[in-house]
Amino acid sequence: MSPMKLCVPGERLCSTEDCIPGNGTYLRHGSIFASLAGYVLRKNEGEELPVISVVRETEAQLLPDVGAIVTCKVTSINPRFAKVHILYVGSTPLKDRFRGTIRREDVRATEKDKVETYKSFRPGDIVLAKVISLGDVQSNYLLTTAENELGVVVAHSEAGAQMVPISWCEMQCPRTHAKEFRKVARVQPEYLQA
Amino acid sequence: MAAVQVSEAEKVYIMHGVRDDLRLDGRGCEDYRHMEIETDVVSNTDGSAKISLGHTDVLVGVKAEIGKPRAMVPDEGYLEFFVDCSANATPEFEGRGGEELGVELSNTLYKVFNNRHSVDLRSLCICPGENCWVLYVDVLLLQCDGNLFDAISIAIKAALFNTRIPKVHISEDEEGVKEIELSDDPYDCMRLNVENVPCIVTLCKVGHRHVVDATLQEKACSVASLLISVTHRGTVTCVRKMGGGSLDPESIFEMTEAGKRVGKALHAPLMELLQKEESLGKKRQKVGFLG
Amino acid sequence: MAGLELLSDQGYRLDGRKATELRKVQARTSVFAQADGSAYLEQGNTKALAVVYGPHETRGSRSKSLHDRAVINCQFSMATFSTAERKRRPHGDRKSSEMSLHLKQTFEAAVLTELYPRSQIDIYVKILQADGGNYSACVNAATLALVDAGIPMRDYVCACTAGFVEDTPLADLCHAEESGGGTSLALALLPRSGNIALLQMDARLHQDHLDALIEAAMTACKGLSKVLDDVVRQHLEEVSVLTRD
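Residues numbered from 1 in each chain as written. Chains lettered and ligands numbered in written order. Predicted model: local features only at pLDDT ≥ 70, side-chain atom pairs only at ≥ 80, totals over all residues. Heavy atoms only, no water.

Caption draft 1: Region of the structure containing the UniProt feature "domain: Exoribonuclease phosphorolytic" (unreviewed entry) in chain C. According to UniProt, the positions carrying the feature "domain: Exoribonuclease phosphorolytic" (unreviewed entry) are residues 21–152 and 155–219 of chain C. Across residues 155–219 of chain C, helical content stands at 26% and strand content at 43%; the span's end C-alpha atoms are separated by 17 Å. (UniProt positions renumbered as here; feature names shortened; annotations may be inferred. Helix = DSSP H or I, 4+ residues; strand = E, 2+ residues; numbered from the N terminus.)

What follows is the structure in structure tokens.
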């Protein structure tokens with residue numbers, strides 16, 4: 001690989017006619033400038049102009065964006081919504097926890113008004129959810145689990161053992177064999193043992 | 001202290017490791033992390049020291065000022081401590097967030113250091129009952145990764161060793177009013193005898209064993225810890241139990257013995273290092289944070 | 001201070017520098033491993049330490065967050081042993097709050113905050129030793145820390161002070177020159193575009209001299225930006241050598 005060029009914030013990389021600005025760059029007066037300190041990467045994406053971006057060794061902090069699948073931990077529930085702490089965005093762990101809310105009507109796709117949060121989540125559960133909104137002044141990130149692949153992934157029973165999912169709405173404790181209600185995420189077929 | 005979240009599985013892993021005398025970074029239960037000490041880093045002060053113990057960074061500055069001695073002990077000077085938990089360590093310390101921890105740390109430091117057995121307070125006296133030297137010891141916490149007390153105490157010892165107090169001449173004029181003159185020569189100064197200054201050793205109880213120099217993760221697995229201040233002779237000057245859990249007397253005795261051993265072993269290499277640094281004199285390259 | 005001239009007849013200042021000469025600048029980034037970005041900078045005898053955390057969720061009340069931009073939160077504090085006379089309170093006094101506000105204003109002009117809506121970027125600066133040019137050292141150290149943290153910025157922000165004595169502009173004032181009672185101008189500049197992020201001047205000055213003073217400060221800032229640039233490039237090369245196969 002040819003040695004990559006170093007760049008620092010504010011350095012002019014090229015003009016808008018040569019490339020499309022990518023990550024780590026910004027436009028000003030018809031030229032593309034770097035906004036990070038790192039290496040310049042030019043990637044050819046087919047017939048269009050190459051995308052120019054700046055890469056760093058260490059990834060900067062990622063923020064949850066609309067449409068991203070996030071892994072979160074339930075902190076408290078009440079009849080109208082469940083409050084969660086967002087721990088991972090995709091597969092990148094976050095350094096600092098972000099707060100999110102899963103409203104009652106966003107738990108399931110069907111029979112939204114018959115949902116009881118107590119029977120869908122419990123504090124301490126690990127949940128896969130999708131971000132639907134960044135929220136406004138009062139609220140936190142709004143999340144939804146209204147898809148088959150979203151919902152509770154790991155939950156502990158009242159006896160303290162990790163439960164096994166048996167259907168989309170029930171999980172069973174291996175120790176006491178008691179069944180508890182949760183909105184369970186469907187396991188991807190590639191993770192099931194044949 | 002800035003807390004770190006540790007999951008159940010991690011806790012079990014750490015406790016099993018400690019049981020077999022193997023910690024997360026490969027150390028034994030009574031080993032310290034890599035320590036770097038440098039004195040005379042800040043030139044505005046009369047003495048300063050910087051220590052980094054793993055990821056814990058502490059900067060201590062000592063300033064000597066003339067003040068009035070306390071009424072009960074008119075022929076002794078005294079030390080004043082101030083611990084500043086800066087926001088650099090963690091954003092929770094912004095504004096007044098770090099005050100609570102700072103007050104707790106400085107109260108413990110008063111108990112350990114501000115007595116005549118640790119520091120020769122009589123040498124700080126200028127005029128009994130009227131003037132004495134007050135040493136303001138300011139501790140600045142820059143990075144926090146567990147084991148703050150140990151790092152602070154070693155830094156204080158190094159800073160006190162490095163402190164140069166200007167010599168004072170007292171002259172009396174005809175009316176009997178005493179005049180204090182500080183000598184202008186920067187090399188004409190008094191040094192403190194830090195032989196008896198103790199070092200604090202914190203032992204955390206993890207499972208059934210205790211560990212020295214716990215990181216934040218190990219601290220999250222322990223329920224109680226014991227703080228012992230030990231002099232170079234192995235004498236224990238102050239013992240304090242911290243934390244919410246309870247310890248049974250046997251383990252306290254065990255931990256005290258271990259603390260004495262570890263603490264005694266700290267002093268000799270420290271003094272050797274400080275003497276060596278001092279002997280380099282002007283030729284020494286000051287590194288500070290640039291290295 | 002009778003008899004001490006700020007500028008001698010031969011053109012030398014109190015510490016032996018010429019009128020437009022800057023003090024020696026040494027800096028290092030990534031000083032602390034636990035913070036997102038950190039830097040240490042020495043400008044003569046002034047030592048500043050800057051630490052950056054973020055971007056992360058808005059701490060405290062959620063109402064402080066902005067819907068389309070990140071909030072920049074700065075805190076300026078001085079170590080109690082940094083000045084010749086011991087300072088009782090490291091932060092919280094009026095001067096520190098004013099400096100924190102200036103820093104916030106400076107960096108809002110440079111950081112691309114539109115990329116991080118509803119989040120907060122914390123910049124904490126600490127002065128370990130104060131010998132004039134506190135604000136400039138803070139800004140320079142904070143710039144390095146932001147670059148180290150990987151937060152996108154339009155350009156470097158370089159700051160410098162300038163003064164005016166007997167029709168000659170002086171660049172990079174030390175403590176004695178600042179407190180001498182003459183003019184003192186603090187300027188924060190984005191070097192490549194030439195835009196000024198912050199301009200502050202105390203004391204009286206004839207308006208004919210203002211241009212010359214600002215020119216002197218801008219030249220000093222451009223010189224400083226070269227030094228900061230070198231430090232960043234050197235650090236990048238060091239890191240890449242370590243991570244390359």
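Caption draft 2: Quick peek at the sheet that holds strand β16 (residues 179–181) of chain A. All names here are of chain A. Pairing in this open sheet of three strands is antiparallel, and the strands run β14-β15-β16 from one edge to the other. Only two strands of the sheet have a single partner each, and these edge strands are β14 (164–165) and β16. Looking at chain direction, β14 and strand β15 (residues 170–172) are connected through two bridges and run antiparallel. Following the sheet pairing, V164 is matched in β15 by Q172. (Pairing = 2+ DSSP bridges.)

Caption draft 3: Here's a closer look at the packing of aromatic side chains. Taken as a whole and judged by the stated rule, the model has five aromatic pairs over all chains. Taking the centre distance of 5.8 Å and the plane angle of 85° together, the rings of F98(A) and Y141(A) count as edge-to-face. Of this pair, F98(A) sits in strand β10 (residues 92–103) while Y141(A) is found in strand β12 (residues 141–144), placing the two residues 43 residues apart along the sequence. Looking at F98(A), the relative accessible area reads 0%, which means it is buried. For Y141(A), a relative accessible area of 1% gives the class buried. Each ring, one from F81(B) and one from Y110(B), has its centre 5.4 Å from the other, and the planes form 85°; the classification is edge-to-face. With F81(B) in strand β4 (residues 78–85) and Y110(B) in helix α2 (residues 99–113), this pair connects stretches of sequence that are 29 residues apart. Three or more aromatic residues link up through ring pairs in this structure, and these residues are F81(B), Y110(B) and F113(B). Note that R70(B) overlies the ring of Y78(B), its terminal NZ or CZ placed 4.4 Å from the centroid. The residue whose ring lies beneath R191(B) is F161(B), and the NZ or CZ to ring-centre distance is 5.4 Å. (Phe/Tyr/Trp six-rings, centres within 6.5 Å; stacked < 30°, edge-to-face > 60°. Buried < 20%, exposed > 50% of the residue type's maximum accessible area, 1.4 Å probe, protein only. Lys NZ or Arg CZ within 6 Å of the ring centre and 35° of its normal.)

Caption draft 4: Broad picture of a negative patch on the surface. Together, E172(B), D173(B), E175(B), E179(B), E181(B), D184(B) and D185(B) give the surface a local cluster of negative charge. Checked against the element boundaries, D184(B) lands in the loop between β9 (178–182) and β10 (189–191). (Patch = residues over 30% accessible without salt bridge, like charges linked within 9 Å, V, L, I, M, F, W, Y side chains within 5 Å. Areas by Shrake-Rupley, 256 points an atom, 1.4 Å probe, with all protein chains shown as cover. Salt bridge = Lys/Arg side-chain N within 4 Å of Asp/Glu carboxyl O. Lys, Arg positive; Asp, Glu negative; His and termini not counted. Charge placed at Lys NZ, Arg CZ, Asp CG, Glu CD.)

Caption draft 5: Inspection of helix α2 (residues 134–149) of chain C at higher detail. All names here are of chain C. Between its terminal C-alpha atoms α2 stretches 22 Å, which fits the 22 Å expected from 16 residues at 1.5 Å a residue. Most of α2 sits inside the fold, with 16 of its 16 residues counted as buried. G150 sits one or two positions beyond α2 and adopts a positive phi of about 80°. (Expected span 1.5 Å × (residues − 1).)

Caption draft 6: Broad picture of the UniProt feature "domain: Exoribonuclease phosphorolytic" (unreviewed entry) in chain B. All names here are of chain B. When the UniProt feature table is mapped onto this chain, "domain: Exoribonuclease phosphorolytic" (unreviewed entry) is found at residues 32–166 and 196–261. Within residues 32–166, the helical portion is 22% and the strand portion 38%, while the C-alpha atoms at the span's ends are 36 Å from each other. As annotated, residues 196–261 comprises 29% helix and 39% strand, and the C-alpha atoms at either end are separated by 16 Å.

Caption draft 7: Spotlight on the interface of chain A and chain C. Listed per partner, the contact involves 32 residues of chain A and 39 residues of chain C. For the pair chain A and chain C, the summed buried area comes to about 2,700 Å², and 53% of that belongs to carbon and sulfur atoms. Between chain A and chain C we count two salt bridges in total. Applying the counting rule to chain A against chain C returns nine residue pairs in polar contact (both at pLDDT 80 or more). Counting residues per element, the ones that place at least two in the side of chain A that touches chain C are β1 (6–7), β4 (25–28), β6 (38–43) and β10 of chain A. It is β10(A) that provides the largest number of residues to the side of chain A that touches chain C, a total of five residues. Of the residues that constitute the side of chain A that touches chain C, the class distribution is 15 nonpolar, eight polar and nine charged. (Contact = heavy atoms within 4.5 Å. Buried area = accessible area lost by both parts, 1.4 Å probe. Polar contact = N/O pair within 3.5 Å; in protein donor to acceptor, adjacent residues only side chain to side chain. Nonpolar A, V, L, I, M, F, W, Y, C, P; charged D, E, K, R; others polar.)

Caption draft 8: Up close: the side chain of R182(A). All names here are of chain A. Mapped onto the elements of the fold, R182 is located in the segment after β16. Note on R182: relative accessible area 2%, which makes it buried. One polar contact links R182 to D125, side chain to side chain, over a distance of 2.8 Å.

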